[in-house]
Amino acid sequence: MIKNRKMASPFGEEKDHFFMQKALAQAQKAFDKDEVPIGAIVVDALGNIIARGHNLVEKRDTQLAHAEAIALERAGKKIGDWRLEGCWIYVTLEPCSMCMSLIELSRLHGVVFGAHSPLFGYRLDKELSLRVYKKSAVRVIEGVCAEETIHLLKQFFKDKRKKKSE
């Protein structure tokens, strides 16, 4: 994996911010459904949004309903191919190792995420063990709209704790 901390995708910094705002709108949908607020969108090589997804883990009773997995599945159906070469995924929270593997298997060109996930982020595992193919060309750009993502997540868990104590 190639990491680019303060760089932008081929679409540029302004578009990265725009796309992450769309992913945050998906995270808000998850929040409104009492799901952990994580959202994702898939953008094709031309910069068109081809799929959206938000967490539905609780509603579907499966860990396979992560925002990234839903967005990737929808993108594949939209273009009629599971190979999403040239595409990018924007996700509000650092993907877990399962989702990062899906991203690699889907042959995306890159992932842009907002906030780091200190509990479940893919980098908690040995990064080398995540190599699905011998050559990994997935670019990783981090920190886009991180503050907004963190705020939404903190509000969600604050509300959860409040409900639990009532």
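All values reported here derive from a predicted model rather than from experimental measurement.

### Things to note about the overall build of the chain
On a plain count of helices and strands, the chain comes out with five helices and six strands. The long-range fraction of contacts in the chain, counting pairs at least 24 apart against all pairs at least 6 apart in sequence, stands at 62%.

### Things to note about the nonpolar core
The biggest cluster of nonpolar side chains holds 23 residues, and the ones touching the most others in it are Val42, Leu72, Ile89, Ile103, Leu108 and Val111. Of all the elements in the fold, those that place two or more residues in this core are strand 2 (39-43), strand 3 (49-54), helix 3 (67-79), strand 4 (88-93), helix 4 (97-105) and strand 5 (110-115). Counting residues per element, this core draws most heavily on helix 3, which supplies four residues. Among residues more than four places away in sequence, those in contact with Val42 are Asn48, Ile49, Ile50, Ala51, Ala71, Leu72, Ala75, Cys87, Trp88 and Ile89. Among the nonpolar cores identified, the runner-up in size contains 13 residues, and Phe11, Val43, Trp88 and Ile141 belong to it.

### Things to note about the packing of aromatic side chains
On inspection of all chains with the given rule, the structure shows five aromatic pairs. For the ring pair Phe19 and Tyr90, a centre distance of 5.1 Å and an interplane angle of 55 degrees mean the geometry is tilted. Taken together, the residues span a long stretch of sequence, with Phe19 in helix 1 (residues 13-32) and Tyr90 in strand 4 at a distance of 71 residues. Of the two residues examined, Phe19 and Tyr90, each falls in the buried class. Measuring from centroid to centroid gives 5.0 Å for Phe156 and Phe157, while their planes differ by 85 degrees, and the two rings are edge-to-face. In this structure an aromatic cluster arises from ring pairing among Phe11, Phe18, Phe19 and Tyr90. When the ring centre of Phe18 is taken as reference, the NZ or CZ atom of Lys15 above it lies at 5.0 Å.

### Remarks on the pattern of salt bridges
Under the definition given, this model contains three salt bridges. In this structure, Glu73 and Lys77 form a salt bridge, with 3.4 Å as the shortest nitrogen-oxygen distance. In this pair, Glu73 and Lys77 both sit in helix 3, four residues apart, roughly one turn of the helix.

### Section: a positive patch on the surface
Residues Lys22, Lys29, Lys33, Arg52, Lys59, Arg60 and Arg74 make up a contiguous surface patch of positive charge. Of all the elements in the fold, those that place two or more residues in the positive patch are helix 1 and helix 2 (57-60). Mapped onto the elements, Lys59 comes out in helix 2. Looking at Lys59, the relative accessible area reads 64%, which means it is exposed.

### Points about helix 4
Every buried residue of helix 4 is accounted for by Cys99, Met100, Ser101, Ile103 and Glu104. On its buried side, helix 4 packs onto helix 3, strand 4, strand 5 and strand 6 (139-142). One or two steps after helix 4, the chain reaches Arg107, where phi turns positive at roughly 65 degrees.

### Brief notes about the environment of Phe157
On the secondary structure map, Phe157 appears in helix 5 (residues 146-165). The class for Phe157 is partly exposed, based on a relative accessible area of 37%. A C-alpha to C-alpha distance of 8.3 Å links Phe157 and Val36, two positions 121 residues apart in sequence.

Cut-offs and rules
- Residues numbered from 1 in each chain as written.
- Predicted model: local features only at pLDDT ≥ 70, side-chain atom pairs only at ≥ 80, totals over all residues.
- Heavy atoms only, no water.
- Helix = DSSP H or I, 4+ residues; strand = E, 2+ residues; numbered from the N terminus.
- Contact = heavy atoms within 4.5 Å.
- Core = buried A, V, L, I, M, F, W, Y, C linked by side-chain atoms within 4.5 Å.
- Buried < 20%, exposed > 50% of the residue type's maximum accessible area, 1.4 Å probe, protein only.
- Phe/Tyr/Trp six-rings, centres within 6.5 Å; stacked < 30°, edge-to-face > 60°.
- Lys NZ or Arg CZ within 6 Å of the ring centre and 35° of its normal.
- Salt bridge = Lys/Arg side-chain N within 4 Å of Asp/Glu carboxyl O.
- Patch = residues over 30% accessible without salt bridge, like charges linked within 9 Å, V, L, I, M, F, W, Y side chains within 5 Å.
- Areas by Shrake-Rupley, 256 points an atom, 1.4 Å probe, with all protein chains shown as cover.
- Lys, Arg positive; Asp, Glu negative; His and termini not counted.
- Charge placed at Lys NZ, Arg CZ, Asp CG, Glu CD.

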